Amino acid sequence: MGHIKILTEHLDREDQHDIDAYESRAGYAAVRKALAMSSEEIIAEVKASGLRGRGGAGFPTGIKWGFVPKNTGKPVYLLNNADESEPGTFKDRALLERNPHMCIEGMMIAAKALSCHWACIYIRGEYAYPAERVSKAIKQAYAKGYLGKKIFGSDFDLDIVVHRGAGAYICGEETGLIESLEGKKGQPRLKPPFPAVVGAYGCPTVVNNTETLATLPWIIANGASSYAKIGTDKSAGTKLFSASGHINKPGVYEIELGYPLLEFIEKECGGVRNGRKLKAVIPGGSSVPVLRADELDGVMLDYESLVKAGTMLGSGGLIVMDDSTDMVEAVMNLLHFYTHESCGQCTPCREGVRWVYKTIGRINHCNGTFGDIRLLKDLCKNISGHTICPFGDALVTPALSFLNKFRSEFEAKIEAATSMHVGSSHG
Ligand SMILES: Cc1cc2nc3c(=O)[nH]c(=O)nc-3n(C[C@H](O)[C@H](O)[C@H](O)COP(=O)(O)O)c2cc1C
Ligand code: SF4
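Here is a short report on the structure shown in this document. In this text the structure is predicted, and so the values were computed from the model without any measurement.

Attention now goes to the site of ligand 1. Around ligand 1 sit 18 residues, and of these Gly-55, Lys-64, Glu-84, Asn-209 and Thr-212 come closest. Contact distances for ligand 1 include 3.0 Å between an oxygen atom and a backbone N or O atom of Glu-174. Interatomic distance of 3.1 Å between a side-chain N/O atom of Asn-208 and an oxygen atom of ligand 1. Isolated, ligand 1 exposes 610 Å² of accessible area, and the fraction of that covered by the protein chains is 88%. At 3 residues, strand S4 (residues 205-209) tops the list of elements feeding residues into the shell around ligand 1. Taken together, the residues of the shell around ligand 1 sort by class into 4 nonpolar, 8 polar and 6 charged.

Given below as structure tokens:
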């Protein structure tokens, strides 16, 4: 298990970004097939494949498409979410940069399924090179008549544009992305209504992650049942993991879902660097709970196994920490990111994240008290579930999970602070 390559088969080829090279390796064959299918047939195929969204929540893609109302008289929009800003997550970048046509072909298939004629790739502001590669690939596709009017000689019209973000994590949240696309401040909207019904410019809109869309050509070319056979019963297919931290071979890896986590670190990532001991792993990007090394036996990299272990697969940003890691400092670093990225729309998030960051900082810099641990818990309770978007929970999760799993390290710093202050007060 672990070595079927759906997304990465040609990723390391120098010329894969070029349209001729892409076509020489069966590129754009799946969309030709999809164009001969009805929307319902494509949606049924994607449902049967078991594909789940790769942007973090893991919601089944075909079911999500089924929420788009038909015949509203309004256009349907497809947005490829390439905002990828979660700390530890850099897997979409590899696809956009090294196989942009696969991302475009996936969008074409989704567009046909959704009867959408205008689609957009929203690319993270910092991703200058991937944006350049994608823009060039779109140009090549237009030049061949694969985009624009009557694509591939069919009766289907499709335009795809690139939209660059300006570097805000919250624009990866689907409604924040839509607001930003509309030219407004990137601030999430209250849901419902969901974008499938009222999305970009008030029209039905599907927001899908880049990896989700890039998987579609394989599913259409090889059939839903071939895809459903890969992975586990409820977590079908392969998944890209971006592995970073204290490992010998950081990088982007494609594995079959259900692959054992410890084996992944040992075999794919080359093990923990400098032969040190493993201390902790964040398996799915910074907003999922951290796991201690002693909790990893028997844990598999799939949606269900990770939930059972008390965490989540998230966006697949696996961060490894060895026994030299100061866990209070590590979570303070993460909180620094969240403090910077709150959009400021709701008070519990805007004020709370700064407060959580400052409290952890106080403990980390040996100025904290045991009352700060109670304060942290209280703050997190008042943020979680009281915000417009899931960002609030995304910051509470690391704060609480680091505190609960590595409480002795927090306490040791508080005890050190207490003894330092007692010492100084005695002169
Ligand atoms: C704070 C925040 C940031 C997010 N950032 C991203 C992102 O960069 N890329 C992404 O695909 N999804 C991101 N998401 C999830 C999206 O809101 C959405 O669920 C996803 O794009 C849907 O695509 P999928 O169904 O293909 O997974 C983020 C969610 C939140 C709450
Ligand atoms: S939770 Fe935070 S990021 Fe989300 S809308 Fe509220 S203030 Fe903005």
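What follows deals with the pairing of strand S11 (residues 317-322). Judged by how many residues are buried, S11 sits mostly within the fold: 6 of 6 residues are covered. Burial of S11 is two-sided: the residues Gly-317, Ile-319 and Met-321 facing one way and the residues Leu-318, Val-320 and Asp-322 facing the other way are all buried. In the sheet, strand S5 (residues 238-245) pairs with S11 via 4 bridges, with the strands oriented parallel. Among the inter-strand pairings, Gly-245 is bridged to a residue of S11, identified as Val-320. The pairing of strand S8 (residues 278-282) with S11 spans 4 bridges and is classified as antiparallel. Residue pairing for S11: Val-281 is matched across the bridge by Val-320.

The rules behind each value
- Residues numbered from 1 in each chain as written.
- Chains lettered and ligands numbered in written order.
- Predicted model: local features only at pLDDT ≥ 70, side-chain atom pairs only at ≥ 80, totals over all residues.
- Heavy atoms only, no water.
- Near = heavy atom within 4 Å.
- Polar contact = N/O pair within 3.5 Å; in protein donor to acceptor, adjacent residues only side chain to side chain.
- Areas by Shrake-Rupley, 256 points an atom, 1.4 Å probe, with all protein chains shown as cover.
- Helix = DSSP H or I, 4+ residues; strand = E, 2+ residues; numbered from the N terminus.
- Nonpolar A, V, L, I, M, F, W, Y, C, P; charged D, E, K, R; others polar.
- Buried < 20%, exposed > 50% of the residue type's maximum accessible area, 1.4 Å probe, protein only.
- Pairing = 2+ DSSP bridges.

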